[in-house]
Every structure is written in C-alpha cells, then in structure tokens.
Amino acid sequence: SADVRRHEAGPAGNPPFPMDIRFMDTDFAKARYLGEFDLFTLEANVGSVSVAHAMNNFDLRPAPASPMMWRETFADADTTTGDVSASFNQWGGRLELGLDAYRAEHSATITNPNNSNFFVAAIPDAEVERFGMFAEWQGAVGSLNSELGLRVDRHTSDVGEASVGSALPPAPGMLAMAYNGVDRSFQDTGVDAVARFFTDERDGFVWRFTLAHKTHAPTYLQRYGWMPIPASGGLADGNTYVGNLDLELERALIAEVGFDYFGDRFYARPTVYTRQVSDFVQGGPFDSTPGVIDTPQEMISNMNGDPTPLRWANVDAEFYGLDVDFGYDFEGPLRFDGVLNYVRGKRGDVDDNLYRIAPPNLTGALTWQKDMWSASMEVRSVAEQDEVSATNSEQPTPGYVTLGLFADWHMTQSVHVSVGVENLFDHVYRDHLSGYNRNSGSDVAVGTRLPGAGRSAFVRIGIVG
C-alpha cells in the first residue's frame, strides 16, 4: 500500500503562545508491504513527513507598538522513518523480530520583518537519529498467557552552530559563541523490556500484571535550546526555557496489576500502577540563585520579560495511580458506563510535586440503547488540582462538571447519523493542563489559564457503500 497526503493550514490564532500561526504546510508519504508466507509473515514500512511553518506576533493579535518588537519565526522539520519485521511460530508461541529507524532534522529562526539584520537561529539545524532492534513473543508461560518484549535503541543527535544578526545586542552573540565552542553531540543506548502476564478467564475474572523498564530520550528543544525562549514543546505556560546539553535518558521502572471482570450485568477493569523514573526531564530553576540576574541567559530572559528562566534538568520522579472503566446493564435498554482516572506525581529528589499532573476525573454516561438508535447523557467531573509544583510556581485549578447529550441513529444499514451537544450549559472552566493566554487582544486576561471549550454541537453522517 502507499499513501501520499498534503495538509495546508492557514492563519490560526494561538493564544497560549507568543505568536500565532501564519501557515503550516505538511507533506506526508508512506508505503507498507505485508507478505504472508508458509513459515512467517514479513512486514515493512517507510515514511516521511516534511513540515514548513511560520508564526508571528502581529497579524492576528494586536501588533507591538514598537516595530522593533515585531517577530516572525520560520521553522521546518523533515522526518524519515522505516521498519521491517518478521513474525513466526516459535517456542510454543508467536515470535516477532524487527529493526526500526528514525531520523529527523529541525530548524527554527526568529526574525523581525522590519529589520533584516535581526535574526536568531534558535534551533540551528538539529539532527536526531534513533536506530533500534526489538523482539516480541506471545505465548503461554506455565498456566499464564504472556507477552514478552525486549528492544535496544541507539540514540544520537547533534546541532549546527548558533548565530545571531548584527541588530541584536552583544549578549546573545556572546552566548552563541560560547555555545558553539562546546561539544553539542549526544549518543546513548536505551534498553527497554516488558513482561505482561494474564490468566485465562475464570468465574468472570481475568487477572493481569506487568513489569517493565522503559527509556525515553530528551527532545531536541530540551537539549539544544541555547537561547532563552518560550518554546517548551507544548507546555505553553508562559515560562522561558533554556536547553541543557547534559541531559540523560529518562529511565522508568514500571509495575501494573489489575483484573478484568465481566458478570451478567456488571463489568469492571481496574488497574493500579507505579512508575519510578530516574532522570525525568522537567523544567527547573536555571541556577541556584533564581531571581538574581547574574548570567547571560538570565539577562536575555529578563529583557524579554521573564527574570526567572527555567532550565531543563534531570530529576527523580514517582508516579502512581488508578485507572478503572466499569459499567452496569439495567433491565431493558438502559446501561451505565464510566471511566475513572487518578494519578499522583511526586519529585523523588526534593519535597515537591511534579509539574502539570492531570487531576482526578470521572466520566459517566447513561445510555438508552435500542436496535436502530441510542441516546446518551454524559457527565464529566474533574476534581481540583492542588498538588502542584512549587519549583515551577504552578497554580492550582478548581474542579468542574460538564454535561453532554449524544444520539446515534442507524437510518438504514448503510446510513448512520450521530448528533451531540458538549458542555450543554456552556460552563466556564479551566483545564489544569491547558496553556496560559499570551494574546492581549482578548477578553481573557494575559497570564491566566485559557478556558476550556464552551458549548459545541455536531452532526455527523456516515455512509457505507
């Protein structure tokens, strides 16, 4: 199979970021081969994604009064992926062996359209590569069903030389020179392993448990962001971040246990888990004297409005939580389904909470199900989140409840209609994971969390030929 696609996005508001989108043009291409042979199955995939992107702070929001504060950023990224694997019967189960590779190039340059001598190569041609090999086996170990996996990844990355235009003050140029004078390459090897076991169904129960070790490489922004800028890889929290060339791989030890229960009317699938992460990547104070501007990075950040920049750092982290989905079939066409999520995140190296952890939440839906149609009322409840990070000056958020109504109608065997209204009462709420407003041309105060989506309605028609 083969697939080629182009996606073009025009101007779009981007309130949690200091700039709005002017365009984002993306080309996708992928090809897949699947071969079924007598003794094995062979699969291979190749793909590429190419993105061209521009943002500015003057087209869609009030332009800065001074032309010298106008900014436009041009960014591009090219990613190539490939993998090949073979699966066959082995050791009483099914074994899959494979190789995969990933290569990406990223660059971003900040400019001022009113001054050609103002430019900053914020991400100067970063190159990120990963080459991996893996083995996965599914089969029985004694009386237990099992899924066992092992993979090894070799990570390498590097970045070009930072540069600034002559219109900038001396400090950024000195910072770029210092950055260019050090070794910026990175290489490390990550080893992941997982062992998942589950029982056969007995009296409605299937018990399961998982042990795993997983690694994760820091992003190119976290490693190579040499200039203090608000780019944070999606946090959109208004902070200025600086990269860290000394970041190590994140390494997590994971344990999960749970069961699936299906009775005549009631079902439940709870899972409790814990994750102990060493070298977890999170923003922290730039140095040991936050608020004291005694480094070029803090000086530049202060000039841009943030006297306390954050620096990506490795910390010890602990997660534990509970996920449950459950339901009950009443007499007749009525049923109830629910999902509960709870996660707690704590620092292991200092007495503090982890940053940006989702609050506990419960979603429940009451559905009237008939042969050709159904109607549902959904209630989503989110608790307050006051277990926040003091290190990152994180603010708590209150809880909220929203209501949605949905219906499905199979008009014929080939025509399906869905309708719905979300946040029926147009409740104003703040999602704890949402960004902070950076657009002064808004009725949302600058620096406050953006509100969640208001009331919305949809109609969807599906036709099966």
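Residues numbered from 1 in each chain as written. Predicted model: local features only at pLDDT ≥ 70, side-chain atom pairs only at ≥ 80, totals over all residues. Heavy atoms only, no water.

**Structural notes on helix 1 (residues 170–180)**
Of all the positions in helix 1, only Ala 171, Pro 172, Gly 173, Leu 175, Ala 176, Tyr 179 and Asn 180 are classed as buried. Looking at the buried positions of helix 1, the neighbouring elements they touch are helix 2 (220–224) and helix 3 (296–303). (Buried < 20%, exposed > 50% of the residue type's maximum accessible area, 1.4 Å probe, protein only. Helix = DSSP H or I, 4+ residues; strand = E, 2+ residues; numbered from the N terminus. Contact = heavy atoms within 4.5 Å.)

**Considerations on the side chain of Glu 298**
Looking at the secondary structure, you find Glu 298 in helix 3. This buried residue, Glu 298, is left without a salt bridge; Arg 311 holds the nearest opposite charge, at 10 Å. A distance of 3.3 Å separates a polar atom in the side chain of Glu 298 from the backbone nitrogen of Asp 294. (Lys, Arg positive; Asp, Glu negative; His and termini not counted. Salt bridge = Lys/Arg side-chain N within 4 Å of Asp/Glu carboxyl O. Polar contact = N/O pair within 3.5 Å; in protein donor to acceptor, adjacent residues only side chain to side chain.)

**Structural notes on the pattern of salt bridges**
This model, assessed by the stated rule, comprises 22 salt bridges. A salt bridge links Glu 8 to Arg 6; the nearest nitrogen and oxygen atoms lie 2.7 Å apart. By relative accessible area, Glu 8 is classed as exposed at 55%. A residue is classified by how much of its surface remains accessible, and Arg 6, at 45% relative accessible area, is partly exposed. Overlapping salt bridges bring together Arg 6, Glu 8, Asp 25 and Asp 27 as one network.

**Remarks on the packing of helix 1 against helix 3**
Orientation of helix 1 relative to helix 3, taken along the N-to-C sense of each, is 140°, at an axis distance of 10 Å. Classified by the interaxial angle, the pair formed by helix 1 and helix 3 is oblique. Crossing handedness for the pair helix 1 and helix 3: left-handed. When helix 1 is examined against helix 3, the residues Ala 171, Pro 172 and Leu 175 are found in contact with a partner set consisting of Pro 296, Gln 297, Met 299 and Ile 300. (Axes fitted to C-alpha atoms, helices over the stretch in contact; angles between N-to-C directions. Parallel < 35°, antiparallel > 145°, perpendicular 65-115°, else oblique. Left-handed = near helix turned anticlockwise from the far one by under 90°.)

**Notes on the pairing of strand 8 (residues 186–198)**
One face of the sheet, then the other: side chains in a regular strand alternate in exactly this way. Taken together, the 13 bridges between strand 7 (residues 144–158) and strand 8 define a ladder with antiparallel strand orientation. Counterpart to Arg 154 in the pairing with strand 8 is Thr 189. With 6 bridges connecting them, strand 8 and strand 9 (residues 205–216) associate as antiparallel partners. What sits directly across from Arg 196, in strand 9, is Thr 210. The antiparallel pairing of strand 8 with strand 9 creates a hairpin that spans 6 residues between the two strands, and Asp 203 there sits at a positive phi of about 55°. (Pairing = 2+ DSSP bridges.)

**What to know about a nonpolar patch on the surface**
There is a patch of nonpolar side chains on the surface, built from Phe 266, Tyr 328, Phe 330, Leu 366, Met 377, Val 379, Val 401 and Leu 405 and spanning about 620 Å² of accessible area. Elements supplying a minimum of two residues to the nonpolar patch: strand 16 (373–382) and strand 17 (400–410). Mapping Tyr 328 onto the fold places it in strand 13 (residues 310–329). Accessibility expressed as a relative area gives 33% for Tyr 328, which makes it partly exposed. (Patch = residues over 30% accessible without salt bridge, like charges linked within 9 Å, V, L, I, M, F, W, Y side chains within 5 Å. Areas by Shrake-Rupley, 256 points an atom, 1.4 Å probe, with all protein chains shown as cover.)

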